[in-house]
Amino acid sequence: MMSFAEAEKRIEDALRSNATELNLSGLRLTSIPESIFQLTQLTRLSLNQNWLIELPKDLGKLKSLVRLSLDDNKLIAVPSELGKLSNLTRLDLNKNQLSVVPKEIGHLENLVELYLDQNRLISVPSELGQLSNLNRLSLDQNRLTSIPPELCQLINLTALYLDQNQLNSIPKELKELNSLTELYLHGNEKLGLPDEILGPTWEAVSNGAMPTSPQNILNYYLQILNNFTPLNEAKLILIGFGAVGKTSLVNRLIHSTFERNSKKTEGIQITQWPVTLNEEEKITLHVWDFGGQEIMHSTHQFFLTERSLYLLVLNGRQGHEDEDAEYWLELIQSFGGDSPVIVVLNKITEHAFDVNRGALQQKFSDNIRGFIRTDCDGNIGIDELQAAIKREIDRLEFLRTPFPASWLTIKNKLAGMQKNYISYEYYRDLCQQDGEADTRAQDSLANCLHSLGIALNYKDDPRLRDTHVLNPHWVTNGIYTLLNASELAEAQGEMAADCLDRTLDIQQYPRERHGFLLELMRKFELCFRFADDDNRFLIPDLLDKQQPDAAAEFNLAECLNFRYEYPVLPEGLLPRFIVRTHVLSEHQLRWRTGVILHFEGNRALVKADRADKCVTISIDGPLDSRRRLLAIIRSDFERIHSSFKFTPQELVPVPAHPDVMLPYPNLIVMEQSGLQELPQVINGKIFHLNVRDLLNGVDLEGSRRPDTNFKHQLDTLSVFISYSHKDNTLREELETHLKILQRQGLIQTWSDRCILPGDEWKDEIDDNLNRADIILLLVSADFIASDYCYDIEMKRAMERHANDEAVVIPVVLRHCDWKSTPFSKLGVSPKDGVPVKDWDDPDRAWLNVETSIRQVAESLQGRRFS
């Protein structure tokens, strides 16, 4: 009853103030107070996270509503009267128990966003095809077996979510929806669409991944309907520490040979293994043998793929085989999902040992398929292991993925080439010759080949897209050779570009390909370029292990603290973080497992502890800005964590008692449930901790969002950054500050890092430029001199600004003649157009820029729902 009374009070307040917005979320309402229907002026009504089973028909009287949120209730039906809310632009009905949708929803001609995901829908009405302004339609996690072809009339649709349903087919007319940029069909097994074709899930896209072109997905789907051959290829990955005998196992399994003093594997060895299943079915296994040296573990994660069979190889030499097994199984689970794993207990004659099979099986039941004891020297267990491999390969549901006949021809031709790499244009020509003329289908095939490890490509990165690698070993061997170079070890990770000349085989790695390898390492967050010298790089994986004296200066009891705990601490976690935050750190304050950052007068000590499997963050400095630095740090860790399958535990240390930590998610639940105080025993005394104060201590205002489903957080504005690549360091500094606005859900940024010509990449730039709500022009003499930045991007940005489609904000970086440009009449940033480089305190300059962007973003959000 208290919740109902609270709802009535809020309604009375809204009536008194003539409010246009009303939030009744989280009140556990089982019915809606009738007084709400007097609020005819309401434009926005939120009834999320209640216990509503049905809705009153009178809801249709609130005809001024622009946005109606009813998600996370218990609705089994909604009244047809919702179809009378003709001004609605957004309707949220996700997370309910709906089995039908009234056809009258199709009358909402102004509807832009419709969310019906996580219900019990078996079908949706064809009348939804009348929603001519619909931009986003979410139907995932229902029970749909088909969708009405009328949905193909939604010509303005840009995103369609159909994942996790039971679809048997999809209308081929979807191909005609030219505005569609996102199509999610994951989890519809009967469609026969492999993950390589479907690409990133919407969760991955919300964390920064590039969505797969819907046209690529539909082209593949239409091809396999007509003419296909089973792929019959899979990836077998051997993983484990060094000297456990992985290479010997490969030789025994494939070649029936054994060499007692075989050379250790440097990087990755890839071998093709022809296997016969069921006495007649010919299968090709791509066997990846990973080197076990510690320095290489941080790069393994980029090749540990899902939809593979893993052999985890252990031996008993060191005496900690159970810990080793858990380490590698956690990594496999993190990057390989629920891929099957055979645990191989190797060299049992040399060191008899076992592992706690029951405990491992219980903890990793989704992965482990068996334990097999082997010894290559005596050929022990090899036949049993071969049989187990064939059994598990036969069970891989993607093994027989349908492959269009023309694709198979192209794949075989590429696999048979002796070259290490070809240009992407050469690849396109080859596809054209062998019957695949559609460039989007060519890109889909490239994705498949990349996942299988047949031919790597990074076509979505402008720095890498021109090279198609036919020999993955060429990439891995080049990178691992650099990581193991004595010159770099002695220099503690500092590398000049000409180091590649001295370290790599010039025949295998000609100088014109060195830039590709360096950019690939930057893409993998293995290195970064020094701001003062474009030809010098730092590889944090090779930094000194010694912690600097400055780390001891932090008094943790007086710091703002935060902590992440991991099931396994991935190698390279801190080096990747150092790469992402390098603009905030100084060289002498970086070491292999930690870094000290500086921002707005604050210092942050960020350290990884392998023994405790955790990362600790401690910030000192001005109290009023510590949370801003923590927001940046958490933003970067969340980006890194998005590539893991596990979710690290977030812990909030109690102020003045840093050893007492409380789970951050639990505090969120307590706050949402109205719990104000939490009793806690500390040093034998009971303290009544304020839940909100604990959370506010680590969160910026507006950054705490209970709904972690980013798909529904569409108030976020898109920010496009146009800049000259010569200003890349300044762009990185700006984006560091903008991470704060991103954590608060105000914006998402997009930049291309370095503009290169090419029609496909140009299309990607144009698409993001045309969809942006805010366009930042990073102004310098180089920006004005750039034909692409000035004549193309700036011109289009000014057109959209003039049409009130976007807001353009010029940000003056360096002195130049910007006052004679077309954007001189706009409000420039920083204040008075003083270039960022002219400010005595760069942090103050960037804070001024951040503030101006925040003001524009908040104004745009206000206009959106006014």
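Being a predicted model, the structure only gives us computed values, none of them experimental.

Asks: Explanation requested: the overall build of the protein chain in the structure shown.
Replies: Along its length, the protein chain carries 25 helices and 35 strands. What you see for the protein chain is a C-alpha radius of gyration of 29 Å, in line with the 29 Å of a compact globule of 866 residues. Seen through its C-alpha atoms, the protein chain measures out along the principal axes to roughly 85 × 70 × 65 Å. Across the 866 residues that make up the protein chain, the buried fraction comes to 56%. Residue pairs at least 24 apart in sequence account for 59% of intrachain contacts in the protein chain once pairs closer than 6 positions are excluded. On the protein chain, roughly 36700 Å² of surface is accessible, and the fraction owed to carbon and sulfur atoms is 46%. For the protein chain, the separation between the mean place of its 93 positive charges and that of its 125 negative charges on side chains is 1 Å.

Asks: Sorry if this is basic, but what is going on with a negative patch on the surface here?
Replies: A surface patch of like charges, here negative, comprises Glu-189, Asp-338, Asp-366 and Glu-397. Structurally, Asp-338 can be placed in the loop between α7 (321–336) and β14 (341–345). What makes Asp-338 exposed here is its relative accessible area of 53%.

Asks: When you look at the pattern of salt bridges in this model, what are you seeing that I'm missing?
Replies: Side chains carrying opposite charge are able to pair once their charged atoms draw close together. Considering all chains together, one arrives at 43 salt bridges under this definition. Taking the shortest distance from any N to any O, the salt bridge between Asp-13 and Lys-9 comes out at 3.3 Å. Within this pair, Asp-13 and its partner Lys-9 are both found in helix α1 (residues 2–17), separated by four residues, close to a single helical turn. Residue classification places Asp-13 among the partly exposed residues on the basis of a relative accessible area of 31%. Between Arg-260 and Asp-377 there is a salt bridge, with the nearest N and O atoms lying 2.9 Å from each other. A residue pair is termed long-range when its members are at least 10 positions apart, and Arg-260 in the loop between α5 (246–255) and β11 (268–277) and Asp-377 in the loop between β15 (368–373) and α9 (382–395) qualify at 117 residues. Where salt bridges share partners, they join Glu-525, Arg-576, Arg-580, Asp-636 and Lys-739 into one cluster.

Asks: In this structure, what is going on with the nonpolar core? I would like to understand it.
Replies: Across soluble globular proteins, you tend to see nonpolar side chains buried next to one another. Counting 107 residues, the largest nonpolar core has Val-606, Val-615, Ile-633 and Phe-637 as its most contacted members. Leaving out residues up to four positions away in the same chain, Val-615 has contacts with Phe-562, Arg-563, Tyr-564, Tyr-566, Leu-569, Leu-573, Leu-574, Val-606, Lys-607, Ala-608 and Phe-637. Within the second largest apolar cluster, 87 residues are counted, among which are Leu-111, Leu-131, Ile-422 and Cys-431.

Asks: Just checking my understanding: could you explain the packing of helix α18 (residues 626–641) against helix α20 (residues 691–698) for this structure?
Replies: Axis separation between α18 and α20 bottoms out at 8 Å; the angle between their running directions is 75 degrees. Classified by the interaxial angle, the pair formed by α18 and α20 is roughly perpendicular. Contact with α18, carried on its side by Arg-627, Leu-630 and Arg-634, involves Asn-696, Gly-697 and Val-698 of α20 and no other residues of that element.

Asks: Looking at this structure, I do not really get the pairing of strand β32 (residues 717–722). What am I missing?
Replies: Two faces belong to every sheet, and in a regular strand the side chains alternate between them. Where burial is concerned, most of β32 is hidden: five out of the six residues are buried. Where β32 and strand β33 (residues 747–750) come together, four bridges link them in parallel fashion. From the neighbouring strand, Ser-718 faces β33, where its bridge partner is Gln-748. Of the crossover connections in this fold, the one passing from β32 over helix α21 (residues 728–743) to the parallel β33 is right-handed. Sheet analysis places β32 next to strand β34 (residues 774–779), joined by four bridges and oriented parallel. Within β34, the residue paired with Ser-722 across the bridge is Leu-777.

Asks: Explain the side chain of Asp-289 here, please?
Replies: Residue position: Asp-289 is located in strand β12 (residues 281–290). Although Asp-289 is buried, it makes no salt bridge; Lys-246 carries the closest opposite charge, 5.0 Å away.

Asks: How should I be thinking about the sheet that holds strand β18 (residues 456–457) in this particular structure?
Replies: In a beta sheet, neighbouring strands are held together by backbone hydrogen bonds and run either parallel or antiparallel to one another. As summarised here, the arrangement of the three strands in space is β17-β19-β18, forming an open sheet in which the pairing is antiparallel. Pairing within the sheet leaves two strands with one partner each, and these edge strands are β17 (421–423) and β18. For β17 and strand β19 (residues 467–469), the ladder comprises three bridges, and the chain directions are antiparallel. By the bridge assignment, Ile-422 is partnered in β19 with His-468.

Asks: What exactly am I supposed to notice about the confidence of the model for the protein chain here?
Replies: Of all residues in the protein chain, 94% attain a pLDDT of 70 or more, and the chain-wide mean is 88. Predicted confidence for residues 754–760 stays below pLDDT 50, and this span has 14 contacts to residues more than four positions away or in other chains.

Asks: Just checking my understanding: could you explain the sheet that holds strand β22 (residues 536–538) for this structure?
Replies: Spatially, β20-β22-β21 is the arrangement adopted by the three strands of the open sheet, whose pairing is antiparallel. Either end of the sheet is taken by a strand with one partner, and the two such strands are β20 (494–496) and β21 (528–529).

Asks: Is there a simple way to think about the pairing of strand β26 (residues 602–609) in this case?
Replies: Burial analysis of β26 places six of its eight residues in the buried class, the great majority of the element. Across six bridges, the pairing between strand β25 (residues 594–599) and β26 is antiparallel. By the bridge assignment, Val-595 is partnered in β26 with Val-606. Between β25 and β26, which pair antiparallel in sequence order, lie two residues; one of them, Glu-600, sits at a positive phi of approximately 50 degrees.

Asks: Could you clarify how one ought to interpret the environment of Ser-169 in this entry?
Replies: Along the chain, Ser-169 falls in the loop between β7 (159–161) and β8 (182–184). Taking the relative accessible area as the measure of exposure, Ser-169 reaches 35% and is therefore partly exposed. Sequence-wise, Ser-169 and Gly-192 are 23 residues apart; in three dimensions their C-alpha atoms are separated by 9.7 Å.

Calculation rules
- Position numbers for residues count from 1 along each chain, tracking the sequence in the order it is written.
- Per-residue local features of the predicted model are confined to residues with pLDDT of at least 70, and side-chain atom pairs are confined, for both listing and counting, to 80 or more; whole-chain, interface and lining totals are unaffected and use all residues.
- The basis for every side-chain value is the complete set of non-hydrogen atoms in the structure, without hydrogens or water.
- Going along the chain from the N terminus, every DSSP run of H or I of four or more residues is numbered as a helix, and every run of E of two or more is numbered as a strand.
- Only the C-alpha atoms count toward the radius of gyration. The rule for a globule is 2.2 Å times the residue count to the power 0.38.
- Summary of the burial criterion: residues with accessible area below 20% of their type's maximum are buried, those above 50% are exposed, and those between are partly exposed, where the area comes from a 1.4 Å probe applied to protein chains only.
- Note on contacts: a residue pair qualifies if any of its non-hydrogen atoms lie within 4.5 Å across the two residues.
- Here the open area of atoms and residues is found with the Shrake-Rupley method and a 1.4 Å probe, where only the protein chains shown may cover a residue.
- His is not counted, nor are the chain ends; Lys and Arg add positive charge and Asp and Glu add negative charge.
- A charge is said to be at NZ when it belongs to Lys, at CZ for Arg, at CG for Asp and at CD for Glu.
- Patch membership requires over 30% relative accessible area and the absence of a salt bridge. Like charges are linked within 9 Å, and nonpolar side chains (Val, Leu, Ile, Met, Phe, Trp, Tyr) within 5 Å.
- Salt bridges are counted wherever a side-chain nitrogen of Lys or Arg sits within 4 Å of a carboxyl oxygen of Asp or Glu.
- Residues enter a nonpolar core if they are buried and are Ala, Val, Leu, Ile, Met, Phe, Trp, Tyr or Cys, with the set joined through side-chain atoms within 4.5 Å.
- Note on method: axes are straight lines fitted to C-alpha atoms, helices fitted across the in-contact stretch only, with angles between N-to-C directions ranging 0 to 180 degrees.
- Convention used here: angles under 35 degrees read as roughly parallel, angles over 145 as roughly antiparallel, angles from 65 to 115 as roughly perpendicular, and any remaining angle as oblique.
- Strand pairing requires that DSSP identify at least two bridges connecting the strands.
- With strands facing away from the observer, any crossover in which the path from the first strand over the helix to the second runs clockwise is taken as right-handed.
- Values of pLDDT, ranging from 0 to 100, describe the predictor's confidence in every residue of the model.

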